[in-house]
Amino acid sequence: MPDSKRPTDEMLMALVKQGDHAAFQELVSRYKSRIIGFVYRTVNSRELAEDIAQEAFLRVFTKAHTFRDGARFSPWFYRIASNLAINELRRRRRVSFISLERPLRTSSGDELVRDVEDNARGPAELAEQHELGGEIAKAIADLPIKYRVAFVLRDVQGHSYERIAEIVGVPLGTIKSRVNRARSRFKDLMQPYVEALG
Amino acid sequence: MSRMRCNAVRPLIAETVDADADERVVRLVELHAEECVKCRSELDRMRAAIGLLESLEPVEAPADFEARVMARVRTDNLGGWTWREVSDRVAEALALRPLRTAALVATCAVLGVALLRPVETSPFTGAASRIAQRDEPIPVLPSEVIASIAGPVEVGDLAAVPEDSALTAEDGHLESAFGELEARLAAETVSLPLVPEPLGGAAPPAARIVPAALDARDRAAILETGRSRRSF
């Protein structure tokens, strides 16, 4: 049963607009795990997910004045986090075009040692990698970005289609289509494990 | 065998695993799958794959996450004020309203023009500098005029001075005005208030060159009192 005395997210946002730190902290407390979970399943890196989630919360505070009266907080906030995650993934994809196969050499011909951080395989991920969870996470990460966001929001986090459409900013039918396509891809990616389990 | 074809059922299989799946769609697919091995297999694999998602561990935020965010907010936002807050407070302090805003803008414009204006703004300064640049002698008043400053003078009929010959201070006319004045002074014994009048009024009354633009009352007032009814 909902606590009638508990302020809604939108009430808290009205206070955040006035620069109220306590209201903002309450929102952080309410959403921190949900948003880290969403971003983590989207970018498949715990460390990166925490950084993006932190940035998303900071945007809530600094861009609070852009939050329209009467709007709902949750879709607005998820949209911020989703955009940050997608932008980061696109940025990384561009960076990854630099070949890691060809050795780097100095002008004198000495080979340089690459020190490339593998963000998709942090300590937490490496531990999980040997388990089924790691394989599921990898399969999700292999989905196209726009399918992935819809899939995570629907089948991992359980948001309604209407809310997802609001978050992503596309029509409801498009979201349903993306989720169904993502399910089919995911099913194919997980086939070896399903057969092994079955 | 179900009357629905496989290619019509396959796209619906993904919908059947939805938490809010339409019951009619689920029954339709199941009816078909009872008689179609391939679609049955697809349906089972889909349910098994999506079912795996339940094995994902819920993600918990690190214990210090909230503190980290709050620390960033405090350090990144002007000691606790957002830019919005700062702008709101500035606007509140100024109590900006349309008229006041217009007045503020006008004041800023006037100040801006005054500050950006060239240093050489006086027509006299301009004329003097041009004379200096051309290396021409500066016009000197006749000795009788200078002598007349020290004592009583006879004032000519100033009203008779043609309007188009009135002394003008406009930039570029000073030199010709000086020449014209010289000639007129020689003819009419008119003296000019070349030195400021002492505050006590002890200095002898000096004739005034009446600007042509003045009306009759102005002229009368100046001739009677030596002062203009209005300030120029």
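These figures come from a predicted structure and were not determined experimentally.

Caption draft 1: Seen up close, the overall build of chain A. Check the secondary structure of chain A and you find 10 helices and 2 strands. Ordered by position from N to C terminus, the α and β elements of chain A give α-α-α-α-β-β-α-α-α-α-α-α. By sequence separation, contacts in chain A at least 24 residues apart represent 62% of the contacts at least 6 residues apart.

Caption draft 2: The interface of chain A and chain B, seen in detail. Taken together, the contact pairs 34 residues of chain A with 33 residues of chain B. Listed by contribution, the elements that provide at least two residues to the side of chain A that touches chain B are α2 (21–43), α3 (46–62), α6 (132–141), α7 (145–156), α9 (172–189) and α10 (191–197) of chain A. Considering each element in turn, the side of chain A that touches chain B owes the most residues, 10 residues, to α2(A).

Caption draft 3: Molecular detail of the confidence of the model for chain B. Residue and element names in this part refer to chain B. Considering every residue of chain B, the mean pLDDT works out to 68; 39% of them sit at 70 or more. Predicted confidence is poor over residues 153–173, with pLDDT under 50, and the contacts of this stretch with residues over four places away or in other chains come to 29 contacts. Note on residues 228–232: pLDDT under 50 across the span, and 6 contacts to partners over four residues away in sequence or across chains.

Caption draft 4: Representation of unusual backbone geometry. Located in the positive-phi region is A:N44, a residue other than glycine, with phi close to 60°. In this structure A:N44 comes out as buried when scored by C-beta crowding, with 23 C-beta atoms within 10 Å.

Caption draft 5: Examining the packing of α2(A) against α7(A) more closely. Residue and element names in this part refer to chain A. Direction vectors running N to C along α2 and α7 enclose 135°, while the axes themselves pass 9 Å from each other. The angle between the axes of α2 and α7 places the two elements in the oblique class. The interaxial crossing formed by α2 with α7 has right-handed handedness. For the pair α2 and α7, contact is made by F38, R41 and T42 and by R148, V149, V152, L153 and V156, respectively. Counted by class, the contact of α2 with α7 contains 5 nonpolar, 1 polar and 2 charged residues.

The rules behind each value
- Sequence positions are assigned chain by chain, starting from 1 and proceeding in written order.
- Each chain gets a letter, beginning with A, and each ligand a number, beginning with 1, in the order they are written.
- Given that the model is predicted, a residue must reach a pLDDT of at least 70 before its local features are reported, and side-chain atom pairs must reach 80 or more before they are shown or counted; all residues, however, enter totals for whole chains, interfaces and linings.
- Helix and strand definitions here come from DSSP, where helices need a minimum of 4 consecutive H or I residues and strands a minimum of 2 consecutive E residues; each element is numbered from the N-terminal end.
- Residues are treated as contacting if the C-beta atoms built from their backbones sit within 7 Å of each other.
- Residue-level confidence of the predictor is summarised by pLDDT, bounded by 0 at the bottom and 100 at the top.
- As a rule, residues whose C-beta atom has 12 or fewer other C-beta atoms within 10 Å are exposed, those with 20 or more are buried, and those in between are partly exposed; C-beta atoms are placed from the backbone.
- Helix axes are fitted to C-alpha atoms over the stretch in contact, other axes to C-alpha atoms as well, and angles between N-to-C directions run from 0 to 180 degrees.
- Roughly parallel refers to an angle under 35 degrees, roughly antiparallel to one over 145, roughly perpendicular to one between 65 and 115, and oblique to any angle outside these ranges.
- Here a crossing is taken to be left-handed if its near helix is turned anticlockwise relative to the far helix by less than a right angle, and right-handed if that turn runs clockwise.
- Lys, Arg, Asp and Glu make up the charged group, whereas Ala, Val, Leu, Ile, Met, Phe, Trp, Tyr, Cys and Pro make up the nonpolar group; the residues left over, Gly among them, are polar.

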